[in-house]
Amino acid sequence: VDNESGNAVLRGGPYALPWAVYTKRACLPNGSYTLNVVDSGGDGICCDYGQGFFVVSSDGETIVDSNGKYGDTFSTDFHLGNRTSTDDSAA
């Protein structure tokens, strides 16, 4: 996970055991982040060698959910905390 400045704030892996469940818990401050997942096998984490997936949640709410079908990389942006609008017309 990278913060909005592009700095790594959370890293994991390698995850080599087949059919294992890995859990990573972290407390991140409110802000914008990018989740980057890299599969060295290039086939995602689902289907041919197991039923891999991942979920990112905050306060019990799922904010990123993957079925594991993505090839060698997966990236998505997410936000923690309240967003404030700077657009005056969004009232």
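What comes next is a walk through the structure. (Residues numbered from 1 in each chain as written. Predicted model: local features only at pLDDT ≥ 70, side-chain atom pairs only at ≥ 80, totals over all residues. Heavy atoms only, no water.)

Okay, the pattern of salt bridges next. Counted by the stated rule, this structure contains 1 salt bridge. Put simply, aspartate 2 and arginine 11 hold a salt bridge, and the shortest N to O gap is 3.4 Å. Using a relative accessible area of 14% as the deciding quantity, one classes aspartate 2 as buried. (Salt bridge = Lys/Arg side-chain N within 4 Å of Asp/Glu carboxyl O. Buried < 20%, exposed > 50% of the residue type's maximum accessible area, 1.4 Å probe, protein only.)

Our focus in this paragraph is the environment of valine 38. Tracing the backbone through its elements, the reader meets valine 38 in strand E2 (residues 31–38). Residue classification places valine 38 among the exposed positions, given a relative accessible area of 66%. Each C-alpha atom of the pair valine 38 and proline 14 lies 9.8 Å from the other, and the pair is 24 residues apart in sequence. When sequence neighbours within four positions are dropped, the list of residues in contact with valine 38 reads Asp72 and Thr73. (Helix = DSSP H or I, 4+ residues; strand = E, 2+ residues; numbered from the N terminus. Contact = heavy atoms within 4.5 Å.)

Moving on, we come to the pairing of E2. On a regular strand, one side chain projects to one face of the sheet and the next to the other, so that they alternate. Where burial is concerned, the two faces of E2 differ: the one with Gly31, Tyr33, Leu35 and Val37 is buried and the one with Ser32, Thr34, Asn36 and Val38 is not. Inspection of the sheet shows strand E1 (residues 2–3) paired to E2 by 2 bridges, in the antiparallel sense. Pairing of aspartate 2 across the sheet is with threonine 34, part of E2. Sheet analysis places E2 next to strand E7 (residues 73–80), joined by 8 bridges and oriented antiparallel. Directly across from valine 37, in E7, lies its bridge partner phenylalanine 74. (Pairing = 2+ DSSP bridges.)

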